Structures are given as structure tokens and as C-alpha cells.
Amino acid sequence: MEQDDLAQPDRYAIVAVNAGAVRPRHARELPVDDDEQEERPLEAFHYRIPENLAGLQPGHLVWVPFGPQYLQGVVMALDDRSPVAETRLIDRLADPEPILNPTQLKLARWISTYYMAPLQQAIWAMIPPGSTEQAEAFLESKTALTSTEIEGLTPGQREILALVREHGPISLSQLGRLARPRTWREMLRQIEDQGLVVRHMEITPPRVRPLMKDFVRVCTVPPDESLSSRAETRRRRSAVIETLRNWALERPDTRGWMLWDTLARESGGTRGDLNWLLEREIIACVKRQVWRDPLEGKAFVPVTPPHLTPDQETIWDTISADLGAGGATAYLLQGVTGSGKTELYLRAVQQVLARGKSAIVLVPEIALTPQTIRRFGARFPDTIAVMHSGLTPGERYDQWRRMRAGELRLVVGARSAIFSPLRDLGLIVLDEEHEWTYKQDRSPMYHARDVALQLRQLVGATVILGSATPSLESAYAAERGELVKLSLPKRIMGHRRAVKEQGSRLTHPVAKYRPLSSEDADALYTDLPPVHVVDLRDELRAGNTSIFSRALQEALDRTLAAGEQAILFVNRRGSASFVMCRDCGHVLACSRCGLPLTYHSAEEDLLCHRCNVREPVPEICPVCGSRRIRYFGLGTQRVEQELSARYPRARVVRWDYDATRQRGAHEQLLDRFVRGEADVMVGTQMVAKGLDLPRVTLVGVISADTLLNLPDLRASERTFQLLTQVAGRAGRSMLGGQVIIQTYAPEHPAIVAASAHDYEQFYSHEIAFRREHWYPPLSRMIRLLYTDADARRAESAAEELHTLLSERIARLGLPEVDLIGPAPAFYERLRGEWRWQILVRGTAPAEALRDVLLPPGWRVEVDPESLL
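By convention here, each chain's residues receive numbers from 1 onward along its written sequence. Only residues with pLDDT of at least 70 are given local features in this predicted model, and only at 80 or more are side-chain atom pairs given and counted; all residues enter the totals for whole chains, interfaces and linings. Side-chain measures here rest on the full set of heavy atoms in the structure, leaving out hydrogens and waters.

Caption draft 1: The overall build of the protein chain, seen in detail. Labels follow the DSSP assignment, with helices taken as runs of H or I lasting at least four residues and strands as runs of E lasting at least two, numbered in each case from the N terminus. On a plain count of helices and strands, the protein chain comes out with 24 helices and 36 strands. Sequence-distant contacts in the protein chain: of pairs separated by 6 or more residues, those separated by 24 or more amount to 75%. Surface summary for the protein chain: the accessible area is close to 40,700 Å², and the carbon and sulfur share equals 49%. Throughout, a contact is declared for two residues whenever any of their heavy atoms are within 4.5 Å. We get accessible surface area from the Shrake-Rupley algorithm with a probe of 1.4 Å; when it comes to residues, only the shown protein chains can shield them.

Structure, rendered in C-alpha cells:
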């Protein structure tokens, strides 16, 4: 038998290469299960598996040659054959363990297909930033350049060549920082084509790696007099040794090894002392990995779970039975603010963890994470992880690794926590599921709610979507039987003993508490706070030009006099919404976006809230030269200033993006307010989302009209949700509470329904409007957005694509698909780019775009949350 006959047949890996939005020439379907739907070709390529990587598995991160480049890719599947005759070899593993598990691979494929996003973007959304090796391009000039070669270059090409010659070898990123021409990449390509510059790739280590620290222990105990002739040095070194000895006695499980940072802090020892003791072998030192834990130092106070109310008990029986049977049902838990939804989440997590499974709990904002962590940490302190963009890269990396290893089985976090690599996922909770912040604003533009429901299909996990004001998509899905609806209609204030104790500490409790039922006389509830709608037109007629209506002023007077707290909701940050010339009407706008600039009094400048450009406030109008520059509109800063002017003794805090930029600012500000160190909180949408503040007895909405009049199909829905949610911050204790909504449109259905805390009234009106105009959720929508620095080119590109899609819809016979537009976007110019959009609407709008290769400049957003 010939030796060649004994050779093993080649095996191939289908690799999703991280090379940008590329389309393969020879892509083919990955192997799919029989019950999976037909999928479009994926951006994955066949590579031959070398003999030294015979154990390669799907999910492994590998290095592969890709054209002239050397790139990373993730193995999506293995195959016994290749669609092309010649394939290239995988070079090596980038990580010995698979970086994605089989469920994540399936989920990435679904995200890529459903959201029409490049596969590699879906994959890299699941990998902690900075945790993988990087391939960086470096440039060097040709050794000997002739004068003829240099003379034949353009001035821009000469400049790029000079930079490479001066700094080479220079990284591509560094060249980009030094180069002046905007077209430097094209110029570089041209001189590369001429052979004047050579490019090579170098692998750099991951930016984020395991953290290694010094651990020390005592080897010998010498006499004190031998430690130093100086008394102070001798005392320090003796303290180091004594602290280590006590540590070994008190914690025998550590075998005497103590973290040097801790030892130095407790003993007062210095790095010089450590080196001196090491040199004489009095102590030993080793490097060990330590976890970067965002919860380090937090003490969770254990709590006893409260008795469930009859409504909670009924719902819990349903959820518990499903969890026990592995039914993997999707629930819509609609409960008014303060109705006890969180206790049901906690019990569901407890049951899942007891069965050896894992759970994900999502909140819509980083600001809510500390409060949620306190509640879940009190019940599950030993297995809780946190995941959101506010963590350091090292913290995210370590949390991710510990979840992948199975050490942490409960993760609390914002949107991206849905991709946590937990083992045996059994439960996903989305609190405040209606919030638009669950939608990612860059590719892949996924919605965490839809990803959670897809994960349910993949792993059989139970999903609970909780909200006092469910999104129309979820409410409509429940109406159609796609979600099981559960209701908590009453605000729970506590059990009779706890309420009595609370009342004994108050001088004037006013809330009327009633038993939930005759069967359960112990659990007490109260009505939602009354809402007073103020017509601002009447205020103007009465001569009140203040930003505070007379009713709000009187309520603030009473609240502050009683030593209680208030929240004032404003839908804009800054001091003024826009700045205008009173003579010619010119509004000062951003030169790059065309949007009105907002005045910020703290910095005394104008800020674009879209691109962050800052400009000084002009003394004269740039159009007519007038000095009558005035500020119009409301922002958090102006409300804070006027509040402080009217109530100089009131302690006011502002909670908006500007005030919470620093790490930990959300938690610090909230803690300060909870401790009673502030009387009034002035805030934007952050204050409306799930905060439990029992001392707040007044909520004032300065203007309900800001969102209401935007040209967006969800304007009414968001207004209703915001008003209802912010109103829910009042009256969460025996102190009672009230809500005052100021508006120029008191008759608007969203405001009428919000003032009555009536979700069903709002839903019936809004779903009828959506049905009449065939808007989501009655249909589905895809937004195509084109941006270009040239206004005419943007309009022309939109017209051309509209024509192409119209002809395609007619040719394919898609009667339930139509187009809206093309038209300029509401924010017509943004960061120097002109924006045009086309909306594809229908029961299956993706059919109109299947296999259509969009020209550069187009962005695809499936199920857009906003059309602005």
C-alpha cells in the first residue's frame, strides 16, 4: 500500500474573518439543523486545518491569512469538503479555549441574518473589547529612492512618504494621527502600489490581560535587632513579619500567602522593606492572578424574602411551575410602579440557581445597576456578576472569564449583558422592557428584548419582560398569544407590621393604606399618586411667565417646608434649548450638524448635543450684527438655577449626562439623595427609570410637550411612558405624594391617559392609530439611512435606491411591502454629513432587500426605535 493512501483526508474550518463588511466570493451555507430556517450566505471562508490543530472546535479564535493581511477569525463550523480547489491553512490558535460557545455561534448567525449586519460584527459584540491579540500594520519606505520616483509624486503623496521615511517603521494608526490630508489612505495606497512603501503586519498582545500581583509569606522569623539599626525601619519590618504570621494563623486556608497590597496597607511596610526581606529570604514572594471585581468592597446585607400578596402568589405559582417543568415560556409581567415585580424576579432567579442553572437580569440604564445589584446581591452575594460599559476593560474581561468558567451564574447589567457566556442559561429578565435604550445604536443594531426571545428558543430559557408601561410591540404580542400576560394592578406598600413601624417614625403620615383582600388583611396597598395637569396657556393668561406654574410653586413650598423631597423632570440638559437673535430670528446652529446649539451656563458656551462641538457665545448676531442675543427653551441647568434662586436654602442636585460623566457618579448622586442630603433632584430621563425613593412626595414635569411634537411614530408612546414612569417615583411611602404635569396640550390622549395611570386607555387609542397607518407593531419596518458630505449627492443616492427598490418590489410581486420616502431625515445634517432616508414597510420588508448590495454610505436598521 502506498504511503499516500494512508494519509488522512483534509478537513476544513469555516471561519468568520474579522475583515470589515466583506462579502465572500465562495461563501456557502453553514451546516444547519433541519428545524432551522433557511438563511442567507454568511461572511465565512473555508480554511484547511493543519495537523497540529486537529482538535480545533467551532468557537475557537484563530489567526488566518486573508489576502495580503493577517487577521483573526472565529471558527463557525467544521466541514469535510471545500467549495474551492485551493484553500489556505489556518496559521494558529489565538486562544487555547473556544472564545464562543455553540449557543453564541447560533445567536451570532441569527443576529447577522435578522438585523442584516455583517457576521463578524455580531461575533465581536460578544467578545470583551481588548481581550484578544491585535494585528497592526507597520509601514517602511523603500531603502533607496531615486529622485525620479520622488519627483513623480503629488505634494500629498510626498508628505505621506516623508512621514514614513522619518518615523518608519510607523504604525498605520500613528500615520493617521500625523497625516494632514483627509485622503491620506488613498495616497498611501498609491505609493504602496508604486513600491515606494512596504507594509508588514505585527502581532501585539491583548490590551487587557489577567492581572498578576505579588503574594508573600514568612519563611523565617529573625530577631528584631537584625532587621535594621534604625528604630523606625526596624519597627516597620517587624510589623510586616508579625502581620504575615497573624494572617497565617487566622486564615490557614491561604497557607500564609497574603496579597502584598493588603499587607503594605495593614502593616505600613514599603516596597523597600519588601525587597530587603526578599533578599535575605526572610519572606517569599510569588506572582498570582487576582480578579478585578467591580463589586469588591461592597457589603450586601442579607434580607428575608417578604410574604407574597395574593396577586404575586398567583403569578408566582404560574412562573414557578414553568421553571420547574422547563417550559421556557415568555411572559409579559405588567405591574404598576411599586407592585412587587422585583420580588418575583428574585424568586425566579433563586429557583433557577437552585437547579444549577444561570440567569441574566437586564436593566435599561447603567444608573439603575447599583440599585439592582444591591437587591440581588442581598439574596445571591456569592455568584453575582455585573456587566456594562461603565466597567474598566479589565473588570469586564475578568467578569466575562469567570462567567465562562462557571464561577458566576447570575449577571446583572445593561444591554450588552445579554451576550454573557453563562452556562446552562435558565432565565432572562428584562426590567423596564419598554425602554428604547435596549436597542443598540451601531451595527449590529440589535434589540436586547428580541435577542432574549431568540435565546429562549435556542436554550429553552424562561423570559420575563417586566414593565408598568409595556412597549406596544410586547403588548400586541401578548394580545396575539405570543407572550403570556401577567398583571399586578396594585401598588404594594408593605405588610401591616412594617407599615406601622414606618408610620411611627413619621410626624404626619397621609397615605391611606388598605388591605389587599379579605383573605390577606396583612398586606397593605395604596392608590397611585394623584396627578394634576396644568394648562400652561392658562398660566400665561394669568400673567405667570415663570417656568414653575402656580400649582407647582405651592406644592414645592409645602414639600420643602415639610422636609420631604421632590423630583423635577426636564427632557433636556443644559440651560437653554436654543439661542436666537431677537431682531432677525437667526438661531445659532452647529456648523457640522445644522442643529440648534444648546447654551450651558456652567461653561458659558454653546454645545451641540449631537457631535459635541463647542462654540463661544457670540456678542453680536452673525447675520444682522444685532446685540439682542437671547436664550429660549428649558434645560436642566436653567431649572436648577431658577430653583436655587427661588429656594436658596434648598439643596438641589442635577442628574443628567453632564453631571454623571465620571465613573461611579450615578451611584454617588443617588446615594446622596437617598440619604436625604438633597431636597430636590432635577433630572432628565434617568430619573424616570425604576428608582425607589420613598421620601419623594412631589414629582413635577416641567414640560410634557418636548417629546410629544417630534415627527416620530413613537412620540406619543414615549411621552406616555415617560410621564407614567416619572409619576411612579412619587408616593412610595406613608408620606403620600402627588404629581404635577405642566403642558400646552392637556387634551392630548397620551397626557390624558398618563394623568389617569391608565395604560389600557392609551394602548387602545395608540394601537388603533398604528393599525390605521399600518405602522409597527402591525407591520415591520427597516430604515435605510444614507449620509454624504455633499447634499445633492445624498439626495441623488436616495432617489436612485428608491427607484431600484420600487422596481424590485413590483418585479417580485410583494404586495405587502411598500416604501416611505425618500426624504431628508429629521436631523438633516449631522457631524458634517447630509442624511436622507427610505423606510421599507411590510409584513416581511427584508424580502425587498434580500441579495441587494447597497452602495457605500447606506446604513440598514431593522425595527428602528426612532425615525429621527
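Caption draft 2: Layout of the confidence of the model for the protein chain. Per-residue confidence from the predictor is reported as pLDDT, a score between 0 and 100. Averaged over all residues, the pLDDT of the protein chain equals 85, while 87% of them reach at least 70. The low-confidence segment residues 1–5 (pLDDT under 50) makes 1 contact with residues lying over four places distant or belonging to another chain. Long-range and interchain partners of residues 21–42, a stretch whose pLDDT sits below 50, account for 49 contacts in this model, where long-range means more than four residues apart.

Caption draft 3: Expanded view of the side chain of R236. Relative to the assigned elements, R236 resides in helix α7 (residues 231–250). Those residues in contact with R236, other than ones at most four positions away along the chain, are G268, T270 and D273.

Caption draft 4: Summary view of the packing of helix α1 (residues 102–114) against helix α14 (residues 448–459). Here the axes come from fitting lines to C-alpha atoms, over the contacting stretch only for helices, and the angles between their N-to-C directions go from 0 to 180 degrees. Direction vectors running N to C along α1 and α14 enclose 135°, while the axes themselves pass 10 Å from each other. Between α1 and α14, the crossing angle belongs to the class labelled oblique. The chirality of how α1 crosses α14 is right-handed. Of α14, the residues touching α1 (which contributes T103, K106, L107, W110 and I111) are D450, V451, Q454, L455, L458 and V459. Nonpolar residues are Ala, Val, Leu, Ile, Met, Phe, Trp, Tyr, Cys and Pro. Charged residues are Asp, Glu, Lys and Arg, and all others, Gly as well, are polar. Class assignment of the residues belonging to the contact of α1 with α14 gives a composition of 7 nonpolar, 2 polar and 2 charged. When an angle is under 35 degrees it counts as roughly parallel; over 145 it counts as roughly antiparallel; between 65 and 115 it counts as roughly perpendicular; any other value is oblique. By convention the crossing between two helices is left-handed if the near helix lies anticlockwise of the far one by an angle smaller than a right angle, and right-handed if it lies clockwise.

Caption draft 5: How the structure looks around the packing of aromatic side chains. Aromatic rings from Phe, Tyr and Trp, taking only the six-membered ring of Trp, are treated as a pair when their centres fall within 6.5 Å; an angle between ring planes under 30 degrees marks them as stacked, one over 60 as edge-to-face, and anything in between as tilted. For the coordinates displayed, the defined rule picks out 12 aromatic pairs. Where F419 meets Y446, the ring centres are 4.9 Å apart and the plane angle is 70°; that geometry is what we call edge-to-face. With a gap of 27 residues between them, F419 in the loop between β15 (410–413) and β16 (425–431) and Y446 in the loop between β16 and α14 connect regions that are remote in the sequence. Consider the rings of F769 and Y775, whose centres lie 6.2 Å apart with planes at 55°: the pair is tilted. Among the residues examined, F769 registers a relative accessible area of 31% and is labelled partly exposed. Members of the aromatic cluster, each reached through a chain of ring pairs, are F720, Y759, F762 and Y763. Think of it in three bands: residues with accessible area under 20% of the maximum for their type are buried, residues over 50% are exposed, and the middle band is partly exposed, with areas taken using a 1.4 Å probe on protein chains only.

Caption draft 6: Focus on empty space enclosed by the protein. Here a cavity denotes a set of grid points, spaced 1 Å apart and computed over the protein atoms alone, in which a 1.4 Å probe fits but from which it cannot get out, and a pocket denotes an open set meeting protein on both sides within 12 Å along at least five of seven lines; residues with an atom within 4 Å of a point are reported as lining. Grid points are joined across faces, edges and corners, and a volume is the space filled by probe spheres set on the points. Considering all chains together, one arrives at 1 cavity of 30 Å³ or more under this definition. Every residue lining the largest cavity is listed: F569, N571, S703, A704, T706, L707, T719, L722 and L723. No other element matches the 3 residues that helix α21 (residues 715–727) contributes to the lining of the largest cavity.

Caption draft 7: Focus on helix α9 (residues 271–279). Burial in α9 covers these residues: D273, L274, W276 and L277. Buried positions in α9, seen along its axis, are confined to an arc of 165° and lie on one side of it. In this structure, the buried side of α9 is in contact with β9 (211–218), α7, α8 (260–267) and β11 (283–290). Directly beyond the C-terminal end of α9, a positive phi value near 60° is found at E281. The arc in question is formed by the directions pointing from the helix axis toward the C-beta atoms.

Caption draft 8: Summary view of the environment of E202. In this fold, E202 is placed in strand β8 (residues 197–204). By relative accessible area, which is 35% here, E202 ends up partly exposed. The spacing of E202 and A137 is 65 residues in sequence and 6.5 Å in space, taken between C-alpha atoms. For E202, the contacting residues outside a window of four places in its chain are Q134, A135, E136 and F138. What qualifies as a polar contact is a pair of N or O atoms within 3.5 Å, subject to a donor-acceptor requirement within protein and to the restriction that residues adjacent in sequence count only when both atoms come from side chains. Only 3.1 Å separates the side chain of E202 from the side chain of H200, close enough to count as a polar contact.

Caption draft 9: Region of the structure containing the environment of A753. Secondary-structure assignment places A753 in helix α22 (residues 749–755). Among the residues examined, A753 registers a relative accessible area of 0% and is labelled buried. Separated by 30 residues in the primary sequence, A753 and L723 have C-alpha atoms spaced 9.7 Å apart. Apart from residues lying up to four places away in sequence, A753 is in contact with F720, D758, Q761 and F762.

Caption draft 10: Examining the nonpolar core more closely. In these notes, a set of buried Ala, Val, Leu, Ile, Met, Phe, Trp, Tyr and Cys residues joined through side-chain atoms within 4.5 Å is what counts as a nonpolar core. In terms of nonpolar packing, the biggest core is built from 69 residues, with V74, I111, I123, I418, I428 and L784 touching the most fellow members. Sort the elements by how many residues they give to this core and helix α24 (residues 791–812) lands first, with 6 residues. The contact partners of I428, leaving out residues within four places of it in the chain, are I360, I418, A452, L455, T462, V463 and I464. Counting residues in each nonpolar core, the second largest holds 39 residues, with V531, A678, L693 and A745 among its members.

Caption draft 11: Structural context of the pattern of salt bridges. For this analysis, a salt bridge means a side-chain nitrogen from Lys or Arg found within 4 Å of a carboxyl oxygen belonging to Asp or Glu. Tallied over the full model, the rule gives 41 salt bridges. Of the charged contacts, one joins E232 and R235 as a salt bridge, the two residues approaching to 2.9 Å between their closest N and O atoms. Residue E232 and its partner R235 are both found in helix α7; the two are separated by 3 residues, about one turn of the helix. With relative accessibility at 45%, the residue R235 sits in the partly exposed group. Salt-bridge contacts for R402 lead to E407; the nearest nitrogen and oxygen are separated by 3.2 Å. Accessibility expressed as a relative area gives 16% for R402, which makes it buried. Accessibility expressed as a relative area gives 42% for E407, which makes it partly exposed. Through salt bridges with shared partners, a single network forms among E186, R189 and D193.

Caption draft 12: Representation of the sheet that holds strand β1 (residues 12–17) within the structure. Reading across from one edge, β2-β1-β4-β3-β5 is the order of the 5 strands in this open sheet, with antiparallel pairing throughout. Every interior strand has two partners, whereas the edge strands, β2 (45–48) and β5 (92–93), have only one. At least two bridges found by DSSP between two strands are what make those strands a pair. Pairing of strand β3 (residues 61–66) with β5, which is carried by 2 bridges, proceeds in the antiparallel orientation. Across the sheet, residue V62 finds its bridge partner in β5, namely L93.

Caption draft 13: Examining helix α10 (residues 310–325) more closely. In a helix, the anticipated span is given by 1.5 Å times the number of residues less one. For α10, built from 16 residues, the straight-helix expectation of 22 Å at 1.5 Å per residue is met to within 8% by its first-to-last C-alpha distance of 23 Å. Restricting attention to buried positions, one finds in α10 the residues Q312, I315, W316, I319, S320, D322 and L323. If you follow the buried residues of α10, they end up packed against β12 (330–335), α11 (341–354), β16, β17 (462–467) and β18 (484–488). Looking one or two residues beyond α10, the residue adopting positive phi is G326, at roughly 65°.

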